[in-house]
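Working through the structure, step by step
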Amino acid sequence: LRFNFPEPKLYAYHKVKKLWCDKIPDPHNSWCYINKDEYEKEHPEFFCKSVMNATEFCYSNGLTDDFEIDESKEISVLSLVTDKTYSLVRENPDSKFFMYGRQDDSTAICHCETCERRRKQVGGEGGIMVAFLNAVIKGVEKRLAKDKIVSDFCIATLAYQMTVNPPVKDGKPLHKNVIPSPRLHIRYAPIGADYTYSFLDERQNEDVRSQIFGWAALTPNIMLWDYQCNYHEYCWYFPNLCYLKENLELYAKIGTSYLLNQGAYNVKTDWQGEMKSYVCSRLYWSTSLDVNELVKEYVGYYYSVAAPKVLRFIESMESFFREKIKNGFRITLFQGDAQYFAASSYPVGFLTEQLNLLDSAIKDIDDARISDGEKEVLKIRLYKVIMTPLRMIMRNADVYFPNEETDYGKRFFALANITGLNKLGETLPIFIQMQKDGTSDYKIVLGQEYTASEKEAARYFQKKFSQLGGCVLQIVQDDKVYPHYGEKAVCIGDHMMFREFFKGSVQSADYEYFVETRGKCSFICGTGDLKYAADILLGNMITEVGDNGVDIKLPFMKKTKFNEKR
């Protein structure tokens, strides 16, 4: 569950051929097939942009109206992707699968006259992508035959975001060219599903069920990219054990050839993911096995003397959510429904009871007749579980305990340090003290004249940074700092430092919000809700451990601008 792409090291470890080509990133990699910087100026027709400034290709470029290769074009999107695919196939003869996925979760689609017309013909962006990759495969096959090269290459592509809907109606293809080539594998990623329920539950989003069976009706080459946690809060309890088996039975029924159950892939402390990895791997061999028995088996092996209380905790959480779901409570992959993280959804007495239960298991480990080394291993495993109720209390501590100071946050960060947890969520690093004494040489900089929105954003950034890192950044005005590239600062608003760095090249009034990093300074400005811009910056910071403690690096962010005024 910790991998969200085929890991090359696993091939070396198991001494097997690289089934997946690892010379290109996975899964969002379309820019690796065509260098945008090389072609954008001379061939703007190759590209399209979304209202959010995301860039993608025109997937009609190089295709005739019969969805064949347009031989009259010397260069096109289709010819360039075909060339790159052919070179990858030649250079990696041991690989079978070559991934082609739209770039960076892109929501950009081309609105040229040809794409608009063809989209109606083939039933949307999913049909456009299939027709395009079918043509790429034909082109590669033609060149392989010419060069007398035998290959069993296949292309895998994501059915995700804009391409998620299958080009079918009543189980039938909308056009002959949207039937995937035998060499084309569809990697369906139901990110829009309701993860409260299984995919066969009548309460499940009807679109999701139609998507699964729609793609299965088009091709036997179905791959699944499933999801196993909340990506905004890795430590939050995610109660999907109840339908793991039902989903896997469905995947087997439709003939799934590849399955990824993606958990918290970029941390090493996902105790729920580790448990589900064990359960799923057993179910892959036989979906007749009992999930509860597999959980008991795993917990017994892994937590040893702490197992009875860890198991009671899991059973309590599953029962708690089961009752809430009966009354309409929803589980979400991201921030989603506000009630998922709301203090009102979780009685603090229930959470503290669970925390106390797990804490009592520490004594069970201490009292066990095992070596000190074994005790240390078991405690670290237990700490990862303890961090779940701890985080669920800590996040809403100001609601649960409005008039008192608590140690929940301090303890959570201490355990994060012991266990090596470095992210609260997929893009939200944990910030711990930047220096051993708890001080920071970063500042939050406001202008001498600032708006209410800018001041609010500064206080918001200060509060969030303190919550996440246990370190309070000082808010100063721009007459207290010198604007140079060595300064470590988060600059909020249009003031001296902003004007010094950008020298008129950017006007803050032109954007709802604007985020950019230059040197060791990051800038947030605009006319909208700047707290949202602060969240973007917080979500992209990274930490680095040095000799003098933990330092924080600001990301080198290119301009992030939204709602440009004309």
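Residues numbered from 1 in each chain as written. Predicted model: local features only at pLDDT ≥ 70, side-chain atom pairs only at ≥ 80, totals over all residues. Heavy atoms only, no water.

**Observations regarding the packing of helix α10 (residues 307–326) against helix α11 (residues 348–367)**
Across the interface, α10 lies against α11 with an axial gap of 9 Å and an inter-helix angle of 165 degrees. Judged by the angle between their axes, α10 and α11 are roughly antiparallel. Remark: the crossing between α10 and α11 carries left-handed chirality. Contact with α10, carried on its side by Lys309, Val310, Arg312, Phe313, Ser316, Met317 and Phe320, involves Phe350, Gln354, Leu357, Leu358, Ser360, Ala361 and Asp364 of α11 and no other residues of that element. (Axes fitted to C-alpha atoms, helices over the stretch in contact; angles between N-to-C directions. Helix = DSSP H or I, 4+ residues; strand = E, 2+ residues; numbered from the N terminus. Parallel < 35°, antiparallel > 145°, perpendicular 65-115°, else oblique. Left-handed = near helix turned anticlockwise from the far one by under 90°. Contact = heavy atoms within 4.5 Å.)

**What to know about the sheet that holds strand β8 (residues 222–227)**
Either a parallel or an antiparallel arrangement is found when strands of a sheet pair, and the pairing is made through backbone hydrogen bonds. Reading across from one edge, β3-β4-β7-β8-β9 is the order of the five strands in this open sheet, with parallel pairing throughout. Each of the sheet's edge strands pairs with one partner strand only, and the pair in question is β3 (97–100) and β9 (258–262). With strand direction ignored, the average angle separating the axes of adjacent strands in the sheet is 25 degrees. In the sheet, β8 pairs with β9 via five bridges, with the strands oriented parallel. Of the residues in β9, the one forming a bridge with Trp225 is Leu260. (Pairing = 2+ DSSP bridges.)

**Notes on the pairing of strand β12 (residues 443–446)**
The sheet contact formed by β12 and strand β13 (residues 474–477) spans four bridges and is parallel. Looking at the pairing, Val445 lines up with Val476 of β13. In this structure, β12 lies alongside strand β14 (residues 489–492), joined through four bridges in parallel fashion. Following the sheet pairing, Lys443 is matched in β14 by Ala489.

**Section: the side chain of Lys379**
As for its position among the elements, Lys379 is in helix α12 (residues 372–394). The residues touching Lys379, leaving out its near neighbours within four places in the chain, are Ile362, Ile365 and Asp366.

**Overview of unusual backbone geometry**
Even without a glycine there, the phi angle at Gln161 is positive, about 55 degrees. Considering the arrangement of structural elements, one finds Gln161 in the loop between β4 (154–159) and β5 (168–169). Look at Gln161 and you get partly exposed, because its relative accessible area is 32%. Of note, the phi angle at Ser304 is positive, near 50 degrees, even though the residue is not glycine. (Buried < 20%, exposed > 50% of the residue type's maximum accessible area, 1.4 Å probe, protein only.)

**Remarks on the pattern of salt bridges**
Counted according to the given criterion, the structure contains 27 salt bridges. Here Glu68 makes a salt bridge to Lys138, at a shortest N to O gap of 3.2 Å. Placement of Glu68 in the loop between β2 (55–57) and α3 (77–91) and of Lys138 in helix α5 (residues 125–146) is noted, with a sequence separation of 70 residues between them. The exposure class of Glu68 is partly exposed, given its relative accessible area of 34%. The exposure class of Lys138 is partly exposed, given its relative accessible area of 38%. Across the pair Arg411 and Asp359 runs a salt bridge, and its minimum N-O distance is 2.8 Å. (Salt bridge = Lys/Arg side-chain N within 4 Å of Asp/Glu carboxyl O.)

**What about helix α14 (residues 408–419)?**
With 12 residues, α14 extends 16 Å from end C-alpha to end C-alpha; this agrees with the ideal 16 Å at 1.5 Å per step. Every buried residue of α14 is accounted for by Tyr408, Gly409, Phe412, Phe413, Leu415, Ala416 and Thr419. One side of α14 carries all its buried residues, which in axial view fall inside an arc of 160 degrees. α14 presents Lys410 and Asn417 as exposed residues on the side facing more than 90 degrees away from its buried surface. Following α14 by one or two positions, Gly420 adopts a phi angle in the positive range, close to 90 degrees. (Expected span 1.5 Å × (residues − 1). Arc of directions from axis to C-beta.)

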